[in-house]
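This is what each chain is made of:
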Amino acid sequence: MRTGRFAGVGVGPGDPELITRKAARLIEQADVVAYHAAAGKRSNARRIAAELIPDGVVEEELTYPVTTGTTDHPGGYAGALAEFYEASAARLAAHLDAGRDVVLLAEGDPLFYGSYMYMHDRLAARYEAEVVPGVPAFLAATATVASPLVRQTDVLTVLPGTLPQPELARRLADTDGAVIMKLGRTFPAVRRALAEAGRLDHALYVERASMPEEQWRPVAEVDEATVPYFSLVVVTGDSLNGRRSRDLAAPAPAAVGRAERGAAELLVVGLGPGPEGWLTPEASTALAEVDHVVGYGPYVARVPQRAGLTRHASGNTVEVDRARLALDLACRGERVAVVSGGDAGVFGMAAAVFEAAEDPAYAAVPVRVLPGVSAVQAVAARAGAPVGADFAVMSLSDRLKPWEVVEKRLRAIAEADLVLAVYNPASRSRTDQVATARAVLLEHRAPETVVVVGRDVGRAEESLTVTTLGELDPASIDMKCLLIVGASSTRVSPAGVWTPRYVR
């Protein structure tokens, strides 16, 4: 006897007329119709598809053991749900094994924040499975408010309201259009995040989109005590609400007063290697007062979003371009900080800013560099005191200098018997330079020379390895690493790695 076919069928956001013809056909032909429901409540998916469910069909209601409350399950909330999904999959598998075709109804789309995907994970490898897409709630919401989300090159981001407020604010500030799902108890924090990101004025609240009870209004006017789970927030794209008008060609109205006062000081800020505790009070104060933050995307992401702050993130190889952007903003009287990881003056944005500032057009812009904890300081501190005496710092990247220059400098440092800190030791496109550098250093250093490898120091994935130049495995080194190659006097003791201050 054949096994049954399994289908995850999206029934849309609430209006039965938004169910697709294919979804309707599969529901009408099913032997078993299954759906999820909260304890003590009707299944919304079943309500939407009720007119299509045949008389006499087997129905399987999969009732959640917990939704937003607490549970005494030994595995906690995640454990209770995992056990529930296993039991639910077993119930549906019994029908499939008996040759019955099973349709699992899903609100909206089955694979968009839906419970169907957990059944798919458990059953699709064993049975013939099909997914029928449905209209997601956020598309019904945008139709309700008749406000286009994004146009042309705008970027749309879908966010769960359960994100921590600072992270939600950061992501809202960094996108054009946005949809925020999973509201209910999260709504107060969502509204605060919208305000911090400067997006509250263009945020619309939609409740029960496409259902008879649907309603919508500006987020600022919503009573947070009345927000149900079946609600979401739509934030229109930048090209619609004017945020993108803050380009270099025309200053925003808020900037006009500052522009009349002339150029503002441009700050170049070192953020340190990662932990918040390694950000200096001076840098923290400066970042709390500027109107713009400019930098490489991951570094800009480390600056907390707040109301009035505009973020300008860019890629990893356009340093001078973003320096010019910052200088242009400062010329208009805007308060701007250019950010770098570690110390901005050590292979960071400070040099790029001064390079761009040589243009006479920026002669009126004063530039001030705020120091930060450098990566070499962080790795050295974790190891002990390997740079306790004379040391050199080099980057192995040959993007801005020929490799011949890199080798020449490596030899000079090795001959001088200096401790060497190596930045940018490898990348996806530079996989052999560590091996070449190791060979060059071994021409002048003993294989027993101490080497410290720090990876992601200061972050959750941090690791520190102490090895020797002879034992160093170049294949284990990537862009997240910083190397410290000791001098002949560098030693390892029970307390750590250190280099004596004296030379004998």
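Residues numbered from 1 in each chain as written. Predicted model: local features only at pLDDT ≥ 70, side-chain atom pairs only at ≥ 80, totals over all residues. Heavy atoms only, no water.

Asks: What should I look at first to understand the overall build of the protein in this one?
Replies: Of regular secondary structure, the protein possesses 16 helices and 23 strands. Dimensions of the protein along its principal axes, counting C-alpha atoms only, are 95 × 65 × 40 Å. Considering the protein as a whole, with its 504 residues, one finds that 47% of them fall into the buried category. Residue pairs at least 24 apart in sequence account for 71% of intrachain contacts in the protein once pairs closer than 6 positions are excluded. When the accessible surface of the protein is split by element, carbon and sulfur atoms take 52% of a total near 24200 Å². Distance between charge centroids for the protein: 2 Å, based on 52 positive and 62 negative side chains. (Helix = DSSP H or I, 4+ residues; strand = E, 2+ residues; numbered from the N terminus. Buried < 20%, exposed > 50% of the residue type's maximum accessible area, 1.4 Å probe, protein only. Contact = heavy atoms within 4.5 Å. Areas by Shrake-Rupley, 256 points an atom, 1.4 Å probe, with all protein chains shown as cover. Lys, Arg positive; Asp, Glu negative; His and termini not counted. Charge placed at Lys NZ, Arg CZ, Asp CG, Glu CD.)

Asks: Whenever I open this one, the packing of helix α12 (residues 319-331) against helix α13 (residues 349-357) confuses me. Can you help?
Replies: The relative placement of two packed helices is expressed as an angle between their axes plus a distance between the axes. Interhelical geometry of α12 versus α13 gives an angle of 65 degrees and a closest axis separation of 8 Å. Considered as vectors, α12 and α13 are oriented roughly perpendicular to each other. Crossing of α12 over α13 shows right-handed handedness. Between α12 and α13, the residues in contact are Glu319, Val320, Arg322, Ala323, Arg324 and Leu327 and Met349, Ala352, Val353, Glu355, Ala356 and Ala357, respectively. When grouped by side-chain class, the residues that make up the contact of α12 with α13 number 8 nonpolar, no polar and 4 charged. (Axes fitted to C-alpha atoms, helices over the stretch in contact; angles between N-to-C directions. Parallel < 35°, antiparallel > 145°, perpendicular 65-115°, else oblique. Left-handed = near helix turned anticlockwise from the far one by under 90°. Nonpolar A, V, L, I, M, F, W, Y, C, P; charged D, E, K, R; others polar.)

Asks: What is the right way to read the sheet that holds strand β6 (residues 156-160) from this model?
Replies: By definition, the strands of a sheet pair up through backbone hydrogen bonds, in either a parallel or an antiparallel sense. If you trace the 5 strands from one edge of the open sheet to the other, you get β6-β7-β10-β8-β9, paired in mixed fashion. In this open sheet, the two strands that pair with only one neighbour each are β6 and β9 (215-218). Looking at each pair of strands side by side, their axes are set apart by 20 degrees on average, direction ignored. Sheet analysis places β6 next to strand β7 (residues 177-181), joined by 5 bridges and oriented parallel. From the neighbouring strand, Val158 faces β7, where its bridge partner is Val179. Against the sheet, helix α5 (residues 137-145) touches β6, β7, β8 (203-207), β9 and β10 (231-235), its axis set at about 65 degrees to β10. Sheet contacts for helix α6 (residues 165-173): β6, β7 and β10; angle to β6, the most-contacted strand, approximately 170 degrees. (Pairing = 2+ DSSP bridges.)

Asks: What is the right way to look at the sheet that holds strand β23 (residues 496-498) in this model?
Replies: Taking strand neighbours across the sheet as the criterion, the 3 strands line up as β16-β23-β22 in an open arrangement whose pairing is mixed. The sheet is open, and its two edges are formed by β16 (384-385) and β22 (491-493), each paired on a single side.

Asks: Just checking my understanding: could you explain the environment of Val206 for this structure?
Replies: With respect to the secondary-structure elements, Val206 resides in strand β8. For the pair formed by Val206 and Thr144, sequence separation is 62 residues and the distance between their alpha carbons is 7.9 Å.

Asks: Hey, could you run me through α5 in this one?
Replies: Since the α-helix advances by 3.6 residues per turn, residues separated by three or four positions end up pointing in the same direction. Every buried residue belonging to α5 is among Phe138, Ala140, Ala141, Thr142, Thr144 and Val145, and all of these are buried. On its buried face, α5 is in contact with β6, β7, β8, β9 and β10. Note on α5: the residue one or two positions beyond its end, Ala146, has a positive phi of about 50 degrees.

Asks: Quick question: what am I supposed to make of the packing of aromatic side chains here?
Replies: Each aromatic ring pair is described using two quantities: the centre-to-centre distance and the angle formed by the ring planes. Counting across every chain of the model gives 10 aromatic pairs. Centroid distance Phe84 to Tyr85: 5.3 Å. Interplanar angle 50 degrees. Geometry classified as tilted. The pair Phe84 / Tyr85 is uniform in exposure class, with both members buried. An angle of 15 degrees between the planes, with centres 4.6 Å apart, marks the rings of Tyr85 and Tyr118 as stacked. With Tyr85 in helix α3 (residues 76-97) and Tyr118 in helix α4 (residues 116-123), this residue pair connects regions lying 33 residues apart in the sequence. By relative accessible area, which is 35% here, Tyr118 ends up partly exposed. In textbook terms, an aromatic cluster arises when at least three aromatic residues are bridged by ring pairs, as seen for Tyr64, Phe84, Tyr85 and Tyr118. (Phe/Tyr/Trp six-rings, centres within 6.5 Å; stacked < 30°, edge-to-face > 60°.)

Asks: Just to check I follow, could you spell out the packing of α6 against helix α7 (residues 187-196) for this structure?
Replies: Contact geometry for α6 and α7: axes closest at 8 Å, N-to-C directions at 45 degrees. Classified by the angle between their axes, α6 and α7 sit oblique to one another. Pair α6 / α7 crosses with right-handed handedness. Within the contact between the two elements, α6 uses Gln165, Leu168, Ala169 and Leu172 and α7 uses Ala189, Val190, Arg192, Ala193, Leu194 and Glu196. Residues belonging to the contact of α6 with α7 are distributed by class as follows: 7 nonpolar, 1 polar and 2 charged.

Asks: I keep staring at the pairing of strand β12 (residues 292-296) and nothing clicks. Help me out?
Replies: The side chains of a regular strand alternate between the sheet's two faces. Among the 5 residues of β12, 4 are classified as buried, and the element is accordingly described as predominantly covered. Pairing of β12 with strand β13 (residues 310-314) involves 5 bridges; the strand directions are parallel. Paired with His292 across the strands is Thr310, a residue of β13.

Asks: Help me out: how do you make sense of the nonpolar core in this one?
Replies: Across soluble globular proteins, nonpolar side chains show a tendency to be buried alongside one another. Formed by 23 residues in total, the largest nonpolar core has its most connected members in Leu396, Leu410, Leu420, Leu441, Val453, Leu472 and Ile477. Elements represented by at least two residues in this core include exactly β17 (391-395), α15 (403-415), β18 (419-423), α16 (433-442), β19 (450-455) and β21 (481-485). Residue contributions to this core peak at 5 residues, all from α15. If we skip the residues at most four places from it in the chain, Leu396 touches Trp403, Val406, Leu410, Val422, Tyr423, Asn424, Pro425, Arg430, Gln433, Val434 and Ala437. Leu62, Ala80, Leu81 and Tyr127 belong to the second largest nonpolar core, which has 21 residues in total. (Core = buried A, V, L, I, M, F, W, Y, C linked by side-chain atoms within 4.5 Å.)

Asks: For this particular structure, what's the right way to read the side chain of Ser340?
Replies: Tracing the backbone shows Ser340 in strand β14 (residues 336-340). Judged by its relative accessible area of 4%, Ser340 is buried. Here Met349 takes part through its backbone nitrogen, which lies 2.8 Å from a polar atom of the side chain of Ser340. The residues touching Ser340, leaving out its near neighbours within four places in the chain, are Val269, Gly270, Leu271, Tyr299, Gly348 and Met349. (Polar contact = N/O pair within 3.5 Å; in protein donor to acceptor, adjacent residues only side chain to side chain.)

Honestly, it's all geometry; don't read function into it.
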